[in-house]
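The lines below spell out each chain.
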Amino acid sequence: MRIAVIAAAAVLATAAGCGSDADEPALDETRTTALSVLTGWDEIYPDASGTAEMSIGEGTRVDLAVADLEPNTDYTAHVHDAACDHEPPGGEHWTADPDEGESEANEIHLAFRTNDRGIGEAFANSDLVADDRARSVVVHTSASDALMEHMSSDRILCGDFDR
């Protein structure tokens, strides 16, 4: 009996390891995050916040909602490759193929404009499949934002995806 239990455990351990890859996400996986305002910007946008959901299957969909930003302003957001406590917050843009470098075809990019109350929403449907290197989402202000000249970073909000 003991030999049968050990053999069954060995079969289960082997099966669990088959086809697994640390960078490959499970099909139909969903990760969520709450976005928080980053240091420096918290004085300008003390109530800014947001949420993001990343759904991964044969491709990746990211849904983003933000509130209490500058009204009628353009912003961009990207999936990033590090946590929000990294320096810089969120690290670099996540790229499907790290050897290719950053480009719109190799990353998940969202662009949106806030309404007259500072609320914005965006979504991206991508053929790229986000892996475990996709750690966070960062909202960037536009380079033309007049406030940018007084800030050390264009990163306003950041949220770490749950795992």
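Below, the structure is looked at part by part. These numbers were taken from a predicted model, which means no experiment stands behind them.

### Considerations on unusual backbone geometry
In this structure, Pro88 follows Glu87 across a cis peptide bond, with omega equal to 0 degrees. Along the chain, the position of Pro88 falls in the loop between strand 4 (74-80) and strand 5 (109-113). Located in the positive-phi region is Asn72, a residue other than glycine, with phi close to 50 degrees. If you trace the backbone, Asn72 turns up in the loop between strand 3 (60-67) and strand 4.

### Thoughts on the packing of aromatic side chains
Taken as a whole and judged by the stated rule, the model has two aromatic pairs. Ring geometry for Trp41 versus Tyr45: centroids 6.0 Å apart, planes at 10 degrees, classification stacked. Neither Trp41 nor Tyr45 differs from the other in exposure class; each is buried. Between Tyr75 and Phe112, the aromatic rings sit 5.6 Å apart at their centres with planes inclined by 20 degrees, giving stacked as the arrangement. In this pair, Tyr75 sits in strand 4 while Phe112 sits in strand 5, placing the two residues 37 residues apart along the sequence. You can call Tyr75 buried: its relative accessible area is 2%. Look at Phe112 and you get buried, because its relative accessible area is 6%.

### Details of the state of the cysteines
Inspection of every chain in the model, using the stated rule, returns one disulfide. At a sulfur-sulfur separation of 2.0 Å, the disulfide partner of Cys84 is Cys158. Across the S-S bond of Cys84 and Cys158 the torsion is about -85 degrees, and the bridge reads as left-handed. Taken together, the residues span a long stretch of sequence, with Cys84 in the loop between strand 4 and strand 5 and Cys158 in strand 8 (residues 155-160) at a distance of 74 residues. Relative accessible area serves as the criterion here: at 4%, Cys158 is assigned to the buried category.

Cut-offs applied
Residues numbered from 1 in each chain as written. Predicted model: local features only at pLDDT ≥ 70, side-chain atom pairs only at ≥ 80, totals over all residues. Heavy atoms only, no water. Helix = DSSP H or I, 4+ residues; strand = E, 2+ residues; numbered from the N terminus. Phe/Tyr/Trp six-rings, centres within 6.5 Å; stacked < 30°, edge-to-face > 60°. Buried < 20%, exposed > 50% of the residue type's maximum accessible area, 1.4 Å probe, protein only. Disulfide = S-S within 2.5 Å.

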